[in-house]
Amino acid sequence: MKQFELGQYKGLNVKRFDTTVQEEEIQQALDYIIGSFDEIEEEKRNEPIKTNDYVIVDIDGYEKDATVPVIRNIDTKLIVGSEGVFREVSANLLGKKMGDTVTFESVIQPDALEFQRWWGSEFTFTVKIKSVFVVKKPELTEELIRKVEPDLKNLKDLKNMLALKITHEKEGKEREANILLIFQALVKQCKYEFDEEELDSAAEDLYKKFTEELKIVDDMELMEYLIHRKITADQLLAECKEEASRRILWELMINSVIEKEEINLTPDEIKYLEKRINESRQNGQLPEEFMDINFLLASYLRKKTIDYLLKINLARVYPELCVNSKIDVK
């Protein structure tokens, strides 16, 4: 950084992330449950194809002025209206019927790597519609509800259970969401200027690490990822630069608050963490990189500082948390 000055970091009264469960969220959960059970399929013979019908089709794709198809997919199942490699094929089936043959021209921009060599080529597609099916969801009967949870008696019980689960999930996300809100508020209070060369270097490091992790964790090549997201390598690098700037700012703000507030770990906290890491080491529960007690102490100090920032800046939402400025760690 060429310049960094911590601004106002207390009493920002940031509105917290809302964890209220909405009716539509419960309905989405119900739809997901219903969709997890066997669906009833009915064949449509003379009715026009609609969105969400699924079809069995033969697809032939001809390059411009060619007489032999270079793309051929037999007995392909498509959900009409869905995104994917054949989204244009899917869109051209709307309103057609079983037995129809559809012909259309398109400049293809496929997602799948296997079709990348034809990117931007003009193609004529011929699609023969062999079968059309409409999918009907089963009714949410008491019998079906008991398959979800044997102790549930009716739809009301199921909705109550889902509301409780959704609440727990949202509360789990609440902390991270509130941290982001505090970060955004703190950034507005700070004065800072980046060293562009250092920031570019940090972004390139992040880009490299992301590429490596993409391969190791997801077994995905960078090019495949870029095609899937429909972005360029330069756009990804720009995202890495933005992320690097956030990390640098967050680190500086946390360290500054630690220094100004003289936040430290108590002897009891240190003793607790040492005991926990020793137990985890003996049980083989920790990866090697987390075996360092100093790493754990630093992480816990940061967590303690973030807790402090949340409490003093969400005061109007949680007034009872600000009666005592000390942070209890259990």
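Residues numbered from 1 in each chain as written. Predicted model: local features only at pLDDT ≥ 70, side-chain atom pairs only at ≥ 80, totals over all residues. Heavy atoms only, no water.

Section: the overall build of the protein chain
On a plain count of helices and strands, the protein chain comes out with nine helices and seven strands. Out of the 330 residues in the protein chain, the part that is buried amounts to 34%. Restricting the contact set of the protein chain to residue pairs at least 6 apart, pairs at least 24 apart contribute 71%. Carbon and sulfur atoms make up 48% of the accessible area of the protein chain, which totals about 21600 Å². (Helix = DSSP H or I, 4+ residues; strand = E, 2+ residues; numbered from the N terminus. Buried < 20%, exposed > 50% of the residue type's maximum accessible area, 1.4 Å probe, protein only. Contact = heavy atoms within 4.5 Å. Areas by Shrake-Rupley, 256 points an atom, 1.4 Å probe, with all protein chains shown as cover.)

Some details on unusual backbone geometry
The phi angle at D75 is positive, at roughly 55°, despite the residue not being glycine. Considering the arrangement of structural elements, one finds D75 in strand β4 (residues 71-79). On the basis of relative accessibility, which here comes to 46%, the residue D75 falls in the partly exposed class. Positive phi, normally seen in glycine, also occurs at D219, with a value near 50°.

Some details on the layout of surface pockets
Taken as a whole, the largest pocket encloses approximately 300 Å³ of empty space. E176, I179, L180, F183, E243, R246, R247, W250, E251, R302 and I306 are the residues that line the largest pocket. Where the lining of the largest pocket is concerned, the elements lending two or more residues are α4 (155-189), α7 (233-261) and α9 (293-313). In terms of residue count, the dominant contributor to the lining of the largest pocket is α7 (five residues). Taken together, the residues of the lining of the largest pocket break down into five nonpolar, no polar and six charged. (1 Å grid on protein atoms, 1.4 Å probe; cavity = no way out; pocket = protein on both sides within 12 Å on 5 of 7 lines; lining within 4 Å. Points joined across faces, edges and corners; volume = space filled by probe spheres on them. Nonpolar A, V, L, I, M, F, W, Y, C, P; charged D, E, K, R; others polar.)

Describing helix α6 (residues 222-229)
Among the residues making up α6, those that are buried are L222, Y225, L226 and I227. In the segment just after α6, K230 is the residue with positive phi, at about 60°.

Regarding the packing of aromatic side chains
For any pair of aromatic rings, geometry is given as the distance between the ring centres together with the angle between the planes. Tallied over the entire structure, the rule returns six aromatic pairs. With 5.7 Å between their ring centres and 70° between their planes, Y192 and F194 make a pair best called edge-to-face. A centroid spacing of 5.1 Å and a plane angle of 65° characterise the contact between F210 and Y225, whose relative ring orientation is edge-to-face. Of this pair, F210 sits in helix α5 (residues 196-218) while Y225 sits in helix α6, and the two are 15 residues apart along the sequence. Assessed through its relative accessible area of 15%, Y225 is described here as buried. Clustering of aromatic rings is evident, with ring pairs tying together F104, F123 and F125. Positioned above the aromatic ring of Y54, the side-chain terminus of K77 is 4.1 Å from the ring centre. Positioned above the aromatic ring of Y300 is the side chain of K303, whose terminal nitrogen or guanidinium carbon lies 5.9 Å from the ring centre. (Phe/Tyr/Trp six-rings, centres within 6.5 Å; stacked < 30°, edge-to-face > 60°. Lys NZ or Arg CZ within 6 Å of the ring centre and 35° of its normal.)

Quick look at the pattern of salt bridges
According to the stated counting rule, one finds 21 salt bridges in the structure shown. A salt bridge links E25 to K170; the shortest N-O distance between them is 3.2 Å. One end of the pair, E25, is in helix α1 (residues 23-36); the other, K170, is in helix α4, with 145 residues separating them in the sequence. When its relative accessible area of 23% is taken as the criterion, E25 is described as partly exposed. Judged by relative accessible area, K170 falls into the buried class, the value being 13%. Here D200 makes a salt bridge to K241, at a shortest N to O gap of 3.0 Å. In this pair, D200 sits in helix α5 while K241 sits in helix α7, placing the two residues 41 residues apart along the sequence. Judged by its relative accessible area of 31%, D200 falls in the partly exposed class. For K241, a relative accessible area of 27% translates into the label partly exposed. Salt bridges here are not isolated pairs; linked through shared partners, they connect E242, E243, R246 and R247. (Salt bridge = Lys/Arg side-chain N within 4 Å of Asp/Glu carboxyl O.)

Topic: the side chain of E269
Position of E269 relative to the elements: it lies in helix α8 (residues 267-283). Only 2.9 Å separates the side chain of E269 from the backbone nitrogen of T266, close enough to count as a polar contact. (Polar contact = N/O pair within 3.5 Å; in protein donor to acceptor, adjacent residues only side chain to side chain.)

Examining the nonpolar core
Counting residues in hydrophobic clusters, the biggest one holds 43 residues, and the most contacted among them are Y9, W250, M253 and L309. Excluding residues that lie within four positions of it along the chain, W250 makes contacts with I179, F183, L186, R302 and I306. If you look at the next biggest cluster of nonpolar residues, it comprises 19 residues, including V89, W118, F123 and I129. (Core = buried A, V, L, I, M, F, W, Y, C linked by side-chain atoms within 4.5 Å.)

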